[in-house]
Amino acid sequence: MMRLYILSLVLTITQLSVYGQDGMKLSYDTPAVKWTEALPVGNGSLGAMIFGGVEKEHLQFNEETLWAGEPHDYSHEGAGDYLAEIRNLLAKGKQLEAQNLATEKFMSVPLKQVPYQPFGDLFLEFPEHKNYENYNRNLNISNAISTVSYKVDGVDYKREVLSSFPDNVLALNISASKSKALNFNVYMDALHENKQLDTSGATQTLSVAVKDGALRGVASFEVETDGKLTIEDGKVAIAKASYATIYLTAATNYVDYTDVSGNPEGEVDKVLTKIKGQDFKKIKAKHIKDYQGLYNRLTIDLGDNGRSKSPTNKRIYDFWKDPNDPQLVALYVQYARYLLIASSRPGTKPATLQGIWNHKLNPPWFSSYTTNINLEMNYWPVEIANLSECHEPLFGLIKDLSESGKAVAKKHYNADGWIAHHNIDIWRGAAPVNASNHGIWLGGGAWLSSHIWEHYLFTRDKEFLKEYFPIIKESALFYSQFLYEDPKTGYLISSPSNSPEIGGLVAGPTMDHQLIRALFRTVIESSEILGEDQTFATKLEAMIPKIAPNQIGKHGQLQEWMEDKDDPENHHRHVSHLWAVHPGKEINWEETPELMKAARQSLEYRGDNGTGWSLAWKINFWSRFKDGNRAYSLMHRLLSPAEIPERKIRGGSYPNLFDAHPPFQIDGNFGGAAGILEMLIQSHMDKIEILPALPNALPNGEITGVMARGGFEISLKWKDLEMESLEILSKNGSDCKVEYKGKTLSFKTEAGKKYKFNKELK
Ligand code: FUC
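Residues numbered from 1 in each chain as written. Predicted model: local features only at pLDDT ≥ 70, side-chain atom pairs only at ≥ 80, totals over all residues. Heavy atoms only, no water.

## Considering a negative patch on the surface
Thought 1: Together, E525, E528, E541, E591 and D686 make up a negatively charged patch on the protein surface.
Thought 2: Considering the arrangement of structural elements, one finds E528 in helix α13 (residues 510-530). (Patch = residues over 30% accessible without salt bridge, like charges linked within 9 Å, V, L, I, M, F, W, Y side chains within 5 Å. Areas by Shrake-Rupley, 256 points an atom, 1.4 Å probe, with all protein chains shown as cover. Salt bridge = Lys/Arg side-chain N within 4 Å of Asp/Glu carboxyl O. Lys, Arg positive; Asp, Glu negative; His and termini not counted. Charge placed at Lys NZ, Arg CZ, Asp CG, Glu CD. Helix = DSSP H or I, 4+ residues; strand = E, 2+ residues; numbered from the N terminus.)

## Details of the pairing of strand β2 (residues 39-42)
Each regular strand displays side chains that alternate between the two surfaces of the sheet.
Thought 1: Both faces of β2 are covered, namely the face carrying L39 and V41 and the face carrying P40 and G42.
Thought 2: Looking at chain direction, β2 and strand β3 (residues 46-50) are connected through 4 bridges and run antiparallel. Its bridge partner being in β3, P40 is matched across the sheet by M49.
Thought 3: Between β2 and β3, which follow one another and run antiparallel, lie 3 residues, and G44 among them has a positive phi close to 100°. (Buried < 20%, exposed > 50% of the residue type's maximum accessible area, 1.4 Å probe, protein only. Pairing = 2+ DSSP bridges.)

## Some points on the packing of helix α11 (residues 444-459) against α13
Thought 1: Two elements in contact, α11 and α13, have axes separated by 9 Å at closest approach and are oriented at 40°. By the angle between their axes, α11 is oblique relative to α13. In this structure, α11 meets α13 at a crossing whose hand is left-handed. Note on element contacts: α13 touches α11 through M511, L515, L519, T522, E525, S526 and I529, opposite A446, W447, S449, W453 and Y456.
Thought 2: For the contact of α11 with α13, a count of residues per class yields 8 nonpolar, 3 polar and 1 charged. (Axes fitted to C-alpha atoms, helices over the stretch in contact; angles between N-to-C directions. Parallel < 35°, antiparallel > 145°, perpendicular 65-115°, else oblique. Left-handed = near helix turned anticlockwise from the far one by under 90°. Contact = heavy atoms within 4.5 Å. Nonpolar A, V, L, I, M, F, W, Y, C, P; charged D, E, K, R; others polar.)

## Side note on the pattern of salt bridges
Thought 1: Tallying each qualifying case throughout the model produces 45 salt bridges.
Thought 2: One salt bridge connects E265 with R216, and the closest N-O pair in it is separated by 3.0 Å. With a gap of 49 residues between them, E265 in helix α4 (residues 264-275) and R216 in strand β13 (residues 216-225) connect regions that are remote in the sequence.
Thought 3: Look at R216 and you get partly exposed, because its relative accessible area is 32%.
Thought 4: A cluster of three or more residues bridged by salt bridges with shared partners is formed by R307, R315, D322 and D325.

## As for the site of the ligand
Thought 1: Taken together, L353, W365, T370, N372, N374, E501, R573, H574, W613, H661 and Q665 make up all the residues around the ligand.
Thought 2: One of the side-chain N or O atoms of N374 is found 3.1 Å from an oxygen atom in the ligand.
Thought 3: Separating an oxygen atom of the ligand from a side-chain N or O atom of H574 is a distance of 2.6 Å.
Thought 4: Of the residues belonging to the shell around the ligand, the class tally is 3 nonpolar, 6 polar and 2 charged. (Near = heavy atom within 4 Å. Polar contact = N/O pair within 3.5 Å; in protein donor to acceptor, adjacent residues only side chain to side chain.)

## With respect to helix α16 (residues 612-624)
Thought 1: Compared with the 18 Å implied by 1.5 Å per residue over 13 residues, the 19 Å span of α16 between its first and last C-alpha is a close match.
Thought 2: For α16, the buried fraction is high: 13 of the 13 residues fall into the buried class.
Thought 3: Residue K626 follows α16 closely and has a positive phi angle near 70°. (Expected span 1.5 Å × (residues − 1).)

## Thoughts on the packing of aromatic side chains
Thought 1: On inspection of all chains with the given rule, the structure shows 35 aromatic pairs.
Thought 2: Where Y150 meets Y157, the ring centres are 5.7 Å apart and the plane angle is 25°; that geometry is what we call stacked. Accessibility classification places Y150 together with Y157 in one group, the buried group.
Thought 3: Among the aromatic residues, ring-to-ring pairing joins F106, Y413, F478, Y479 and F482 into one connected group.
Thought 4: Here the guanidinium or amino end of K56 rests over the ring plane of F123, the centre of that ring lying 4.8 Å away.
Thought 5: For the cation-ring pair, R345 lies above F165, with the distance from its terminal atom to the ring centre recorded as 4.0 Å. (Phe/Tyr/Trp six-rings, centres within 6.5 Å; stacked < 30°, edge-to-face > 60°. Lys NZ or Arg CZ within 6 Å of the ring centre and 35° of its normal.)

## Observations regarding the sheet that holds strand β8 (residues 155-164)
Thought 1: Read across the sheet, 9 strands follow the order β1-β6-β7-β8-β9-β16-β13-β12-β11 without closing on themselves; strand pairing throughout is antiparallel. The outermost strands of the open sheet, each flanked by one partner alone, are β1 (25-28) and β11 (194-198). Taking each pair of neighbouring strands and ignoring which way they run, the sheet shows an average axis angle of 15°.
Thought 2: Pairing between β13 and strand β16 (residues 243-252): 9 bridges, direction antiparallel. Bridge assignment links T225 to a residue of β16, and that residue is A244.

## Thoughts on the sheet that holds strand β32 (residues 743-747)
Thought 1: Strand order in the open sheet made by the 4 strands is β26-β27-β31-β32, with mixed pairing throughout. A strand with exactly one partner marks an edge of an open sheet, and here the two such strands are β26 (681-682) and β32.
Thought 2: Across 2 bridges, the pairing between β26 and strand β27 (residues 688-690) is antiparallel. In the strand pairing of β27, I681 is matched with I690.

## Details of the pairing of β11
Thought 1: Direction of pairing for β11 relative to strand β12 (residues 204-209): antiparallel, over a ladder of 5 bridges. Bridging from a neighbouring strand, Q196 pairs with S207 of β12.
Thought 2: Counted along the chain from β11 to the antiparallel partner β12, the turn is 5 residues long.

## Concerning the packing of α13 against helix α14 (residues 534-543)
Thought 1: Two numbers describe how α13 lies on α14: the axes approach to 9 Å, and their chain directions differ by 150°. The hand of the α13/α14 crossing is left-handed. Contacts from F520, V523, I524, S527 and E528 of α13 reach α14 at Q534, F536, A537, L540, E541 and M543.
Thought 2: Taken together, the residues of the contact of α13 with α14 sort by class into 7 nonpolar, 2 polar and 2 charged.

## Things to note about unusual backbone geometry
The bulk of non-glycine residues show a negative phi, and the bulk of peptide bonds are trans.
Thought 1: Of the consecutive residues H661 and P662, the connecting peptide bond is found in the cis state with omega at -15°.
Thought 2: Within the secondary structure, P662 sits in the loop between β25 (659-660) and α18 (667-680).
Thought 3: Of the consecutive residues P662 and P663, the connecting peptide bond is found in the cis state with omega at 0°.
Thought 4: Take P663: it is sitting in the loop between β25 and α18.

## As for the environment of P699
Thought 1: Structurally, P699 is set in the loop between β27 and β28 (701-708).
Thought 2: In this structure P699 comes out as buried when scored by relative accessible area, which is 7%.
Thought 3: Linking P699 and P326, residues 373 residues apart in sequence, is a C-alpha distance of 9.6 Å.
Thought 4: Beyond its immediate stretch of four places on either side in the chain, P699 contacts W718, K719, D720 and L721.

## Quick look at the side chain of N253
Thought 1: Looking at the secondary structure, you find N253 in the loop between β16 and α4.
Thought 2: A polar atom in the side chain of N253 sits 3.1 Å from the backbone oxygen of V260.
Thought 3: Each residue touching N253, except ones within four places of it in the same chain, is listed here: A214, L215, R216, D259, V260, S261, G262 and P264.

## Digging into the side chain of N358
Thought 1: Mapped onto the elements, N358 comes out in the loop between α7 (326-343) and β18 (369-370).
Thought 2: Aside from chain neighbours lying at most four places away, what touches N358 is W35, Q60, N62, Y116, Q117, P118, P363 and S367.

Right under this line is the structure:
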């Protein structure tokens, strides 16, 4: 049914380039009621969700370092004394006993990490704006400005909101088309029990302290206006104005994961002093320049059949009925880039499960960092979508873990190097948390380390590789000591561990072995590139063939475990043993076709349902399997409306295009966008594959500025499912190999030079 449907889309005529970058807007004709209808802005650390209410506007805001808890080492003294016993129990098939022992002796102290916190709320009251018309609210992702506009009594009112990275401030500009028509109140509040409001002057300050922990935050706003400003009932009242701009900033006493001696009052003061004397026009111009410096590097046009004129919530609904809205697919890619720029800038913390946007004191999964898929998925599009700098916060987190994870390596595994398990918080907890049946997963260090390698592959930045080499080497050092010889098979295996989050505590999940082999290969290659530490590289080289290999089981599947015990009826959301297909590359059509078939069989068994991130991963898998139509059918699920009763399956998109696990989890936005790009360009096999998994639903398109490994920036046009033109800009003069429809071309390049090809790849 689905397949037939997609085929029929080929016949639909779509037009290119009418909409282009201008159409990159989320737009609505009513205010938001739910949080997942509000629109996000952010500058990497300071974020807000804008509801766009007319009589009462609400901006719920966050600052990324406000978390519960305090500096803490979660490792468990003496845990390592039980490692051998846990392993023995698993080797004897006594899984429950192993899990029980691990629960008692092996888990982090305390067992749970801590949540990311909301900061506060900014409210604006417009009591005169009861009867309005011409309402629109939108988020223009080509300039990172959200606008609300409407008319009351013949006067046009407009509000623009931005979160500026250069000025570290949320700016909200309100204007009226008639002089002196604007009257409103503004004030702050917060959910925190422990809060204080200083409303005595024109600069209003909200101070909050988290309930369980050492962090406190300070937020202040000021108003610049041509109207009259007074303080009434603890609110700033603006009267008879034609415009007013509210500048809000926030800070906490968090310095780093070991230090909470910061001075938030001083930080806030510094920011507000710096913007004094600058008007909104200037701040807006700086903001747009800064944002577009990143955003404009990639353009994508998949055609527009007119549906882009409808409100975004309607488009998502319509996509479910008929997924023929190529402009929405392009918007999904650009929205993910927007969200990444808004939540992950150099010097800030990485995007959490919710980016930087959280309105709950007890958010789902603590709105923290889950490393058994979610955190890494947040960064899948970062290199390919030409936002390489936005990867930096993740490297900062890895650096922290390479320190905090040392104690865990020592105390839990009697090993050198560092390790991280499946969950991390702002205190860089690296020990196994929650429960032994899924918290003891050993892949965190290896998977995170692969991001360092990927950054190098895309940029060929040797200085960067040199800086981070000790970190990936220390990660490999840990695994080289941790791997243990399976008494049954003689292979080196990862034990105890878990195939994320299925099957409980086990010896030797396939995923770990794929991750560890990939890490070892990375360290070996890096040693060669940098001319460092050959002895260790040689040792790793000797270990790789001893690590338990990928195996094909009795159902034709890729085995998830050492034993052939996969259940083809199990439709679990995690498909971790396919890591080597994506984001890894050990399993691929060219070198290991039989394993590739088995992996595809495993994915068939798992089925097409899933949480948001699971759907997003499946888009990437099917793209690597080179089945574009199947990949698009998963995109269809991901871009369909979440939580509407008529649609029984999980996953999908909220009205504000946030990904639904459900509830909201941002990973699906990033993974889905990466999956769409993966349909158009792949470069994991040391060559650039052009349109490797183009779905029939996207017959025409143009993309510029998409990146391939080797440091190549690609511009590509296709028509009627065929490549029309291709341009490759070589950033650093690496050798290049391009492949289109089975034909390959290899050539040397010069740094800074462009290479053009026509449809025959000549
Ligand atoms: C993993 C997943 C869940 C969720 C959580 C944050 O544990 O299995 O689905 O995404 O992370």
